[in-house]
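Architecture at a glance
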Amino acid sequence: MDGASATGVMSHLSLLEAKTIGCKAHPVQRSRVSELRAEVEALSARRDNLKVEIETYKKLQKIRSLMDEQSTHGDEEELGEDSENLELLRLMARHEQLKDLLYAHHIIGGYDIVKTHQGKGVCLSLTTSYQGVFLETYNLEIDLKPTLRISRHNIPPFIPLKSLEEQSSFQTDLRTFLDVLGQHLNAFAGRKQQLKFVKELHPSVEVMESNVLCSKLVMMFTVPTEKTAVLCSLDYTDHTKCLPTRVFLESEDDEALPDSPEWKNFHSLLMKTPVHQVLITMKEMGIIA
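Attention in this report is confined to the structure presented alongside it. (Residues numbered from 1 in each chain as written. Predicted model: local features only at pLDDT ≥ 70, side-chain atom pairs only at ≥ 80, totals over all residues. Heavy atoms only, no water.)

1. Here's the deal with the sheet that holds strand E4 (residues 149-153)
Condition: For two strands to count as paired, DSSP must find a minimum of two bridges between them. Going along the chain from the N terminus, every DSSP run of H or I of four or more residues is numbered as a helix, and every run of E of two or more is numbered as a strand. Between N-to-C directions, angles cover 0 to 180 degrees, with each direction set by a line fitted to C-alpha atoms, over the stretch in contact for helices.
One open sheet accounts for four strands, arranged E1-E2-E3-E4; its pairing is antiparallel. Either end of the sheet is taken by a strand with one partner, and the two such strands are strand E1 (112-116) and E4. If you compare each strand with its neighbour and ignore which way they point, the axes differ by 30 degrees on average. Note: strand E2 (residues 121-130) against strand E3 (residues 133-143), nine bridges, orientation antiparallel. Considered in E3, the bridge of leucine 124 is made with leucine 140.

Shown next, in the form of structure tokens:
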């Protein structure tokens with residue numbers, strides 16, 4: 001009898017324990033259901049947004065094709081949009097069109113390009129500039145088939161076009177070749193412009209020596225206080241730069257020039273500042289006549 005009572009009590013306790021666990025689980029389940037419902041709502045909203053985006057994209061592509069074909073506005077009426085929405089779609093299509101053009105311009109390195117020989121070749125223009133002023137423009141005509149080949153150009157003969165072509169994997173990486181060539185041309189234009197400024201702005205400075213590449217410049221100027229002639233030599237061994245890599249200063253009075261802090265400062269300045277600007281500073285300070 002006692003055994004039966006004990007069994008009944010244990011069964012009752014097990015039943016109570018199961019109910020307690022069940023009661024605890026219900027809030028967790030309800031919370032999970034709420035989370036799933038919120039997720040479904042978010043996904044539904046995302047689906048609706050994607051439908052709108054897809055529909056807008058299709059309309060934009062339709063308008064862009066009409067713009068490319070220069071079709072009449074009558075063709076746009078097939079889209080079933082009111083005038084305000086249609087104008088907005090036109091603006092969006094034009095914006096996307098301009099983005100594509102800018103991307104294409106970026107892909108070819110920002111160089112102006114036109115087709116030649118009925119699409120069998122291209123002509124690329126490289127414009128040089130210095131201190132915000134556009135200078136000379138150089139052109140390359142390139143045949144595309146059977147392999148890339150420069151057929152005509154007006155690049156100065158002292159620019160190592162052939163070696164640049166070999167060094168930059170011209171056949172597989174045209175943009176790198178154009179970038180390096182552009183660096184050489186811009187640096188040459190910058191050095192040439194500096195030489196021009198030296199001659200125009202500093203008549204008291206005598207240009208003793210220079211070359212067609214403007215990679216060497218030798219000048220002579222006078223120190224008025226010492227009445228000493230100073231010979232200044234600039235070597236531009238890096239032809240992709242318009243600043244010198246080496247500067248030499250010589251004077252008749254070797255004791256007065258090389259070791260003075262003032263001239264050491266100008267030596268350093270000539271390495272990192274365009275020469276015509278340094279000469280202006282030296283003249284304003286009375287260092288040169």
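On we go.
2. A short note on the packing of helix H5 (residues 174-201) against helix H7 (residues 275-284)
Threshold: Should an angle fall under 35 degrees it is called roughly parallel, over 145 degrees roughly antiparallel, and 65 to 115 degrees roughly perpendicular, with every other angle called oblique. Residue contacts are defined here by distance: any two heavy atoms, one from each residue, within 4.5 Å place the two residues in contact. Gly is placed with the polar residues, together with every amino acid not listed as nonpolar (Ala, Val, Leu, Ile, Met, Phe, Trp, Tyr, Cys and Pro) or charged (Asp, Glu, Lys and Arg).
Packing of H5 against H7 brings their axes to within 8 Å, and their N-to-C directions diverge by 30 degrees. Taken together, H5 and H7 sit at an angle that is classed as roughly parallel. Contacts from Gln194, Phe197, Val198 and Leu201 in H5 reach Val275, His276, Leu279 and Ile280 in H7. Taken together, the residues that form the contact of H5 with H7 break down as six nonpolar, two polar and no charged.

3. Examining the packing of aromatic side chains
The line we're drawing: By convention, a stacked pair of Phe, Tyr or Trp rings (six-membered ring in the case of Trp) has centres within 6.5 Å and planes under 30 degrees apart, an edge-to-face pair has planes over 60 apart, and any other such pair is tilted. When accessible area is computed with a 1.4 Å probe and restricted to protein chains, residues below 20% of their type maximum are described as buried, those above 50% as exposed, and intermediate ones as partly exposed.
Under the definition given, this model contains four aromatic pairs. Between phenylalanine 158 and phenylalanine 188 the ring centres are 5.0 Å apart and the planes differ by 65 degrees, which places this aromatic pair in the edge-to-face class. Residue phenylalanine 158 is located in the loop between E4 and helix H4 (161-167), and its partner phenylalanine 188 is located in helix H5; the two are separated by 30 residues in the primary sequence. A relative accessible area of 29% places phenylalanine 158 in the partly exposed class. Geometrically, the ring pair formed by phenylalanine 170 and phenylalanine 177 is edge-to-face, given 4.9 Å between the ring centres and 80 degrees between the ring planes.

4. Examining the sheet that holds strand E5 (residues 206-210)
Read from one edge to the other, the open sheet built from four strands follows the order E5-E6-E7-E8, with strand pairing classed as antiparallel. Strands with a single pairing partner mark the edges of an open sheet, and in this sheet they are E5 and strand E8 (246-251). Strand-to-strand, the axes of this sheet are offset by a mean angle of 20 degrees, without reference to chain direction. Alignment of strand E7 (residues 228-235) against E8, held across six bridges, turns out to be antiparallel.

In short, the description is geometric, and any link to function would need to be established separately.
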